[in-house]
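Each chain, written out:
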Amino acid sequence: MEALIPVINKLQDVFNTVGADIIQLPQIVVVGTQSSGKSSVLESLVGRDILPRGTGIVTRRPLILQLVHIDSEDCRKTSEENEPKKNGRLYRGIDGEEWGKFLHTKSKIYTDFEEIRHEVEAETERISGNNKGISDEPIHLKIFSPHVVNLTLVDLPGITKVPVGDQPKDIELQIKDLIFKYISNPNSIILAVTAANTDMATSEALKVAREFDPDGRRTLAVVTKLDLMDAGTDAMDVLMGRVIPVKLGIIGVVNRSQLDINQKKLVADAARDEYAFLQKKYPSLANRNGTKHLARTLNRLLMHHIRDCLPELKTRINVLASQYQSLLNGYGEPVDDKSSTLLQLITKFAAEYCHTIEGTAKYIETTELCGGARICYIFHETFGRTLESVDPLGGLTTIDVLTAIRNATGPRPALFVPEVSFELLVKRQVKRLEDPSLRCVELVHEEMQRIIQHCSNYSTQELLRFPKLHDAIVEVVTSLLRKRLPVTNEMVHNLVAIELAYINTKHPDFADACGLMNNNIEEQRRNRMRDLPSAVPRDKSLKGPGGQSLSPTEPLAHEGEAAKAVAGGSQSGNVGEQTDGGTGNWRGMLKKGEDGPAGDRAVLQHPLPASPHRGHAVNLLDVPVPVSRRLSAREQRDCEVIERLIKSYFLIVRKNIQDSVPKAVMHFLVNHVKDCLQSELVGQLYKAGLLDDLLTESEDMAQRRTEAADMLKALQKASQVIAEIRETHLW
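Caption draft 1: Up close: the side chain of Asn255. Tracing the chain through its elements places Asn255 in the loop between strand S9 (250-252) and helix H8 (258-262). Apart from the residues within four sequence positions on either side, Asn255 is in contact with Gly37, Ser40, Val41, Ser44, Thr224 and Asp227.

Caption draft 2: The arrangement of the confidence of the model for the protein in detail. In the predicted model, the protein carries a mean pLDDT of 76, and the fraction of residues at 70 or more is 75%. Highest mean pLDDT in the protein belongs to helix H16 (residues 467-501) (92); lowest belongs to helix H20 (residues 572-592) (39). Within the model, pLDDT remains below 50 along residues 80-95, and this stretch shows 14 contacts once partners closer than five positions in the same chain are excluded. Taken together, the stretch residues 535-616 has pLDDT below 50 and engages in 84 contacts with residues farther than four places along the chain or on a different chain.

Caption draft 3: Geometry of the pattern of salt bridges. All chains considered together, the criterion is met by 24 salt bridges. Close ionic contact of Lys431 with Glu434 constitutes a salt bridge, the shortest N to O distance being 3.0 Å. One salt bridge connects Glu447 with Arg450, and the closest N-O pair in it is separated by 2.3 Å. Within this pair, Glu447 and its partner Arg450 are both found in helix H15 (residues 434-459), separated by 3 residues, close to a single helical turn. Residue classification places Glu447 among the buried positions, given a relative accessible area of 2%. When its relative accessible area of 42% is taken as the criterion, Arg450 is described as partly exposed.

Caption draft 4: Broad picture of empty space enclosed by the protein. On inspection of all chains with the given rule, the structure shows 3 cavities of 30 Å³ or more. In this structure, the largest cavity encloses a volume near 90 Å³. Its residues assigned to classes, the lining of the largest cavity shows 7 nonpolar, 3 polar and 3 charged.

Cut-offs applied
Residues numbered from 1 in each chain as written. Predicted model: local features only at pLDDT ≥ 70, side-chain atom pairs only at ≥ 80, totals over all residues. Heavy atoms only, no water. Helix = DSSP H or I, 4+ residues; strand = E, 2+ residues; numbered from the N terminus. Contact = heavy atoms within 4.5 Å. pLDDT = per-residue confidence, 0-100. Salt bridge = Lys/Arg side-chain N within 4 Å of Asp/Glu carboxyl O. Buried < 20%, exposed > 50% of the residue type's maximum accessible area, 1.4 Å probe, protein only. 1 Å grid on protein atoms, 1.4 Å probe; cavity = no way out; pocket = protein on both sides within 12 Å on 5 of 7 lines; lining within 4 Å. Points joined across faces, edges and corners; volume = space filled by probe spheres on them. Nonpolar A, V, L, I, M, F, W, Y, C, P; charged D, E, K, R; others polar.

In structure tokens:
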């Protein structure tokens with residue numbers, strides 16, 4: 001298991017350049033209030049003066065300290081390697097046994113620990129300033145020595161309450177956030193340092209540790225300054241865990257005082273004095289306290305902790321490696337052959353665009369309809385339902401129909417329903433189908449525009465690398481769609497115009513409808529004749545002089561003839577009958593004299609306000625308002641005939657439009673764009689002068705690719721390091 005800590009140190013080295021936070025390496029985090037003796041504990045573990053010392057806030061940046069135990073043979077070998085570099089001069093008191101290395105100074109080796117301390121101070125001031133500010137950027141220091149155990153520790157700034165110097169007002173929150181960042185790592189061991197001359201119940205270190213480790217499974221308490229307690233008091237209850245129990249234990253140590261530091265008292269001498277103090281004051285606890293016991297305990301805890309964390313750490317590294325590999329693939333490789341790359345991207349985009357329309361795209365949208373599916377929905381749901389909701393007689397009142405009939409007859413009274421009125425009215429109704437058809441074209445055009453964004457986001461991730469190329473492709477496709485829009489609108493307009501150009505009353509469906517309507521009218525006529533009073537002769541009811549009782553029957557004949565006339569059927573025989581009927585009516589009127597007009601009002605198109613024969617003045621500009629009177633039976637029948645014919649023909653035209661408009665849109669817009677898209681893109685963009693500009697990557701893309709590649713390389717190396725550990729080393 002001794003090999004586990006060097007493994008973690010290797011992993012720490014691997015991730016130093018890319019950030020070790022991502023994999024949460026096991027390490028020991030030293031937490032405590034300001035001037036509680038944290039740095040002194042670390043120096044005792046190292047056995048050398050390597051950290052800045054003094055009053056107030058001294059540690060202002062996290063210090064990640066790796067202690068690496070080496071054998072004496074390695075020391076001599078390293079000393080021999082370093083001798084030529086130092087011109088054969090060995091530093092006094094060092095003898096080449098121990099040395100240190102900083103990450104920020106690359107491969108430079110420090111054999112003078114005084115120089116290491118100065119470098120820590122200089123590096124701290126370089127980032128944090130020369131006053132009392134703090135920084136969360138860590139300093140990485142590695143110490144090689146035969147006198148240390150393998151450990152990885154993190155020294156953090158001490159918890160403070162009141163800002164001093166040029167510290168910001170929220171210095172307490174900044175320090176706590178920095179501490180939380182490290183101890184929130186579930187793989188870290190919290191070394192809570194508390195001074196013995198303060199009440200253990202007020203320990204900020206233990207309070208912070210409990211926030212992130214409520215069960216105490218990874219918290220070890222260290223009590224410093226045992227020699228500075230008030231006379232008559234001791235730390236026996238605290239060290240025994242009677243005041244505040246800590247699962248991993250409580251260890252007491254005695255540090256050097258500031259006077260000892262000023263007098264250059266060696267750490268080795270301080271260790272001997274500590275042992276003597278513990279034997280004198282706490283003889284029963286001497287073997288369970290002190291710096292040496294603390295080092296062995298931390299080494300054992302860290303090894304067991306690493307052993308427990310290693311399987312999860314291995315899994316995490318493998319998962320992250322897979323994620324970064326996918327991320328790197330998404331960023332793509334740097335462009336070498338720009339001409340080939342541009343052609344590939346254009347071809348791929350055009351293919352994805354067509355596949356999205358056809359429904360064969362690689363990325364299928366699951367949240368909403370898109371591409372060809374939405375176009376189908378527009379054709380058969382949106383457009384189809386809109387056409388079906390159009391009322392064949394919408395905006396057309398009975399008075400409008402009657403007025404059209406009368407206007408179509410000119411100055412002559414009509415014997416039949418004029419066919420011109422039917423054409424006039426049915427064209428007016430068919431014209432209403434144009435707006436929904438044009439709206440259908442607009443909706444399909446919008447969806448074709450939306451497909452561009454869909455392809456950019458889901459299908460061709462490479463386009464995101466080249467924002468200028470993406471914008472150029474969007475512009476070309478948008479321009480192509482914009483050019484096809486008026487062509488498609490013109491075709492749809494022509495489809496409606498074609499229907500308006502010729503009203504085909506010989507259409508088979510229309511002829512069937514007219515024949516059915518004629519049968520219904522004839523049946524109604526027979527029913528009405530059957531219901532006439534028996535006192536009225538049936539021949540007189542057909543050819544009478546135009547009395548009130550005759551009015552229901554005569555319009556029926558006219559109505560049947562009108563329907564046949566509009567349907568284009570044979571009219572010669574019926575005209576003869578109607579003419580005879582008309583002659584009979586006029587003969588009756590001549591025989592009865594003045595009695596005729598009174599009974600003939602129902603047959604006239606509209607009543608006259610006064611008869612000029614009676615000597616009253618007539619205002620020829622006084623147009624009667626049709627609404628002010630009830631329609632005669634004949635007028636009602638005429639209107640009903642026209643309305644039925646309009647409805648029948650309108651349904652035929654609506655069916656044609658509902659079928660032909662989607663076909664026109666597909667041919668003139670959708671299929672044309674599919675067929676011409678790639679050639680249009682190549683023609684507009686595949687030019688030598690545009691290559692460099694179009695294939696310019698976004699500013700941060702190259703940086704993100706480099707970062708992802710570095711992280712992937714680190715993860716792969718970390719995976720190799722962990723794979724080298726044999727299972728037998730874990731126990």
